[in-house]
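Notes for the structure review
The primary structure of each chain is shown beneath.
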Protein chains: 2
Amino acid sequence: MKILIIEDEKALQESIVKYLEHQGFVCEAVNNFLEGKEKVRQFAYDCIVIDIGLPYGSGLDIVKELKYMESKAGIIIISAKNALEDKLKGLDLGADDYLPKPFYLSELNSRINAILRRRNFEGSKVVNFNEIKLEADAQRVTVNGKPIVLTDKEYQLLEYFIANRRRLLTKAAIAEHIWGDEYQHVSNFDFIYTHIKNLRKKLIDAGSGDYIKTIYRAGYRFTD
Amino acid sequence: MKILIIEDEKALQESIVKYLEHQGFVCEAVNNFLEGKEKVRQFAYDCIVIDIGLPYGSGLDIVKELKYMESKAGIIIISAKNALEDKLKGLDLGADDYLPKPFYLSELNSRINAILRRRNFEGSKVVNFNEIKLEADAQRVTVNGKPIVLTDKEYQLLEYFIANRRRLLTKAAIAEHIWGDEYQHVSNFDFIYTHIKNLRKKLIDAGSGDYIKTIYRAGYRFTD
DNA sequence: TTTTGAACTATAGAAAATTTATGAAGCTTC
DNA sequence: GAAGCTTCATAAATTTTCTATAGTTCAAAA
């Protein structure tokens, strides 16, 4: 699997490459718009990770280019600001996923895998975890085939848990993922407790196992 | 992981410490050049965050000092002015990364992680010692493949032991590493006994060998 | 060589501190 | 006004620290 990373922050770029290579991907990286465009035209990648804010141009234009070319590569855009606009524009242009900076490399990895998986099985954005089934398209969740109703935050929580199954997720990571940077200074994570509680209850009431394990002083882990 | 922050702006310093502690780092902070130099000479840190503009001297001189000492700590310099010169000088002197103010705390965090990752084990965060396996990513420990549940302190203890396998570790060193410098003057390390005891019990109950050897009047050594 | 005692380490259990869970009460938004 | 999100107060759970006591080690004295 070959991945192209278009990212100008050197330290971040190196981290990504190193991490992904360690995960068994073949990586290439460039640090500006022009080189990015060049690479994209010349070679076929399985997945392309694009920063929006680049020297000499916007990453969004590369997304456009790719779509124009009818490229089959998966596209993940990343953006410094947690800008809803960037996200919407990117997804609108045909990107497969959006990741606000900063993010955990493990998360980027799991999103890449999700996209590649999706691409292979063509179509359905459905993730399973034992008796839990999560249909991303419909933002719908079923337990043993029976649908359950989740609020927005609960759904996001569950999606994040399942995407990062068996991994330790700190409350800070969860907060950043679901609420964004504005919570970085907050030292009070009470609101997470409440959402965890509600999600747990709904899942268990629906007959699922209790997969959300609390790791005292560290965070949570979704596992069986 | 122990981090030193040398930063004179009180509010910023406190934010950094709070944030990083949330991420699971042990932090210490000082607010001027002299104290910074003092700390750096006395203790070993995993990573040091240095503001360039400090009372009584330049942070760059601390970088110099560290390099002279052949310190293994990661170094991140931060600077109020987005001065290219500072950046170049700092990186030239051997700093690992440069961050212009203002920055997102999460950005600082991810850079620290990037450096530690690079520095430590080049990617893979899994360490083995005979039948014991320690997965840093998940903060998970298994013995012969079976997971065991450790408390925070127990985990840190084990991590420290395994990282320094076959080395004599004094109680003072252990206390300093896990609890921070405020324990440097403490002469009573009784609280360590309990943690050692508990860790030993959990490991042995899980079927591991008894690797924590007591060296009378000296400390402990993790070895087979 | 054996005994003895001070210093050191091990252990269990209680107390203190910290962290997480929970239900209810406000807020906002639609 | 209902639904969902957040805050708050309080309860519960878990970990960490403290305390007391017992067991070890080592070296000096007998």
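For the structure itself, consult the block above.
In what follows, the accompanying structure is described. (Residues numbered from 1 in each chain as written. Chains lettered and ligands numbered in written order. Predicted model: local features only at pLDDT ≥ 70, side-chain atom pairs only at ≥ 80, totals over all residues.)

**Concerning the overall build of chain A**
Looking only at helices and strands, one finds 8 helices and 14 strands in chain A. Looking at chain A as a whole, 32% of its 224 residues are labelled buried. At a minimum sequence separation of 6, the contacts of chain A that also span at least 24 residues come to 55%. (Helix = DSSP H or I, 4+ residues; strand = E, 2+ residues; numbered from the N terminus. Buried ≥ 20, exposed ≤ 12 C-beta atoms within 10 Å, placed from the backbone. Contact = placed C-beta atoms within 7 Å.)

**Some points on the sheet that holds strand E6 (residues 74–79) of chain A**
Where strands meet in a sheet, backbone hydrogen bonds hold them as pairs that are either parallel or antiparallel. Residue and element names in this part refer to chain A. The 5 strands are arranged E2-E1-E3-E6-E7 in an open sheet whose pairing can be described as parallel. Either end of the sheet is taken by a strand with one partner, and the two such strands are strand E2 (26–30) and strand E7 (97–100). Strand-to-strand twist in this sheet, taken as the mean axis angle between neighbours without regard to direction, amounts to 20°. With 5 bridges joining them, strand E1 (residues 2–6) and E2 adopt parallel strand pairing. Note on E2: the bridge partner recorded for Lys 2 is Val 26. Packing against the sheet, helix H2 (residues 33–42) makes contact with E1, E2 and strand E3 (47–51), and its axis sits at approximately 140° to E2. (Pairing = 2+ DSSP bridges. Axes fitted to C-alpha atoms, helices over the stretch in contact; angles between N-to-C directions.)

**Remarks on the protein's contact with DNA strand C**
Contacts to DNA strand C come from 17 residues, most closely from Tyr 193, Lys 197 and Thr 214 of chain A together with Tyr 193 and Thr 214 of chain B. Counting residues per element, the ones that place at least two in the surface near DNA strand C are helix H8 (190–205) of chain A together with helix H8 (190–205) of chain B. A per-element tally of the surface near DNA strand C places H8 of chain A first, with 6 residues. (Near = placed C-beta within 6 Å.)

**Concerning the sheet that holds strand E8 (residues 126–129) of chain A**
All names here are of chain A. The antiparallel open sheet is built from 4 strands, whose spatial order is E8-E9-E10-E11. Only two strands of the sheet have a single neighbouring strand rather than two, namely E8 and strand E11 (146–148). The mean angle between the axes of side-by-side strands here comes to 25°, regardless of whether they run parallel or antiparallel. Looking at chain direction, strand E9 (residues 132–135) and strand E10 (residues 140–143) are connected through 4 bridges and run antiparallel. Paired with Ile 132 across the strands is Val 143, a residue of E10. With respect to the sheet, helix H6 (residues 152–163) is in contact with E8, E9 and E10, its orientation differing from that of E9 by roughly 110°.

**Focus: the packing of helix H6 (residues 152–163) of chain B against H8 of chain B**
Residue and element names in this part refer to chain B. In contact at an axis separation of 10 Å, H6 and H8 are set at 80° when each is read in the N-to-C sense. One way to sum up the angle between H6 and H8 is to call them roughly perpendicular. For the pair H6 and H8, the contacting residues are Lys 153, Glu 154, Leu 157 and Leu 158 in the first and His 195, Asn 198, Leu 199 and Lys 202 in the second. Within the contact of H6 with H8, the residues separate by chemical class into 3 nonpolar, 2 polar and 3 charged. (Parallel < 35°, antiparallel > 145°, perpendicular 65-115°, else oblique. Nonpolar A, V, L, I, M, F, W, Y, C, P; charged D, E, K, R; others polar.)

**Digging into the packing of H6 of chain B against helix H7 (residues 171–179) of chain B**
Residue and element names in this part refer to chain B. The geometry of H6 relative to H7 is characterised by a closest axis approach of 10 Å and an angle of 125° between their N-to-C directions. In this view, H6 runs oblique relative to H7, as classed from their interaxial angle. Seen along the crossing, H6 lies across H7 with a hand that is right-handed. Together, Lys 153, Gln 156, Leu 157 and Tyr 160 of H6 and Ile 174, His 177 and Ile 178 of H7 make up the contact between the two elements. Of the residues assigned to the contact of H6 with H7, the class counts are 4 nonpolar, 2 polar and 1 charged. (Left-handed = near helix turned anticlockwise from the far one by under 90°.)

**Section: the environment of Ile 215 of chain B**
Residue position: Ile 215 of chain B is located in strand E13 (residues 212–215). For the pair Ile 215 of chain B and Leu 169 of chain B, spaced 46 residues apart in the sequence, the C-alpha separation amounts to 9.1 Å.

**A closer look at the nonpolar core**
By size, the foremost hydrophobic cluster in this structure holds 48 residues, and its most contacted members are Val 49, Ile 76 and Ile 77 of chain A. Dropping the residues within four chain positions of it, Val 49 of chain A is found in contact with Ile 3, Ile 5, Ile 6, Ile 16, Ile 76 and Ile 78 of chain A. Among the nonpolar cores identified, the runner-up in size contains 36 residues, and Ile 6, Phe 25, Cys 47 and Ile 48 of chain B belong to it. (Core = buried A, V, L, I, M, F, W, Y, C linked by C-beta atoms within 7 Å.)

**Re helix H3 (residues 59–68) of chain B**
Residue and element names in this part refer to chain B. The set of residues buried in H3 consists of Gly 59, Leu 60, Ile 62, Val 63 and Leu 66. Here the buried residues of H3 occupy an arc of 155° about the axis, which is enough to place them on one side. Looking one or two residues past H3, Glu 70 carries a phi angle of roughly 60°, positive in sign. (Arc of directions from axis to C-beta.)

**A closer look at the protein's contact with DNA strand D**
If you check the shell around DNA strand D, you find 17 residues, and the closest are Thr 151 and Asp 152 of chain A together with Thr 151, Asp 152 and Lys 153 of chain B. Counting only elements with at least two residues in the surface near DNA strand D, the list comes to H6 and H8 of chain A together with H6 and H8 of chain B. Considered class by class, the residues forming the surface near DNA strand D number 4 nonpolar, 4 polar and 9 charged.

**What to know about unusual backbone geometry**
Keep in mind that most residues, glycine aside, have a negative phi and that most peptide bonds are trans. One non-glycine residue, Asn 130 of chain A, lies in the positive phi region at around 50°. Residue placement: Asn 130 of chain A occurs in the loop between E8 and E9. The backbone of Arg 166 of chain B sits at a positive phi, close to 65°, despite the residue not being glycine. Relative to the helices and strands, Arg 166 of chain B resides in the loop between H6 and strand E12 (168–169). Arg 166 of chain B sits in the exposed class, given 12 other C-beta atoms within 10 Å.

**Some words on the environment of Asp 224 of chain B**
Residues and elements named next belong to chain B. Along the chain, Asp 224 falls in the segment after strand E14 (219–222). Between the C-alpha atom of Asp 224 and that of Asn 130, which follows or precedes it by 94 residues, the distance is 8.8 Å. Excluding its chain neighbours within four sequence positions, the residues that come into contact with Asp 224 are Asn 130, Gly 209 and Tyr 211.

**Things to note about the pairing of strand E9 (residues 132–135) of chain B**
Residue and element names in this part refer to chain B. Every second residue of E9 is oriented toward a common face, the buried set being Ile 132 and Leu 134 and the non-buried set Lys 133 and Glu 135. With 4 bridges joining them, strand E8 (residues 126–129) and E9 adopt antiparallel strand pairing. Bridge pairing links Asn 128 to Lys 133 in E9. If you look at the hairpin formed by E8 and E9, you'll find 2 residues sitting between the two strands, and Asn 130 has a positive phi there, around 50°. Hairpin connection between E9 and strand E10 (residues 140–143): a loop of 4 residues separates the two successive antiparallel strands, and Gln 139 in this loop has a positive phi of roughly 45°.

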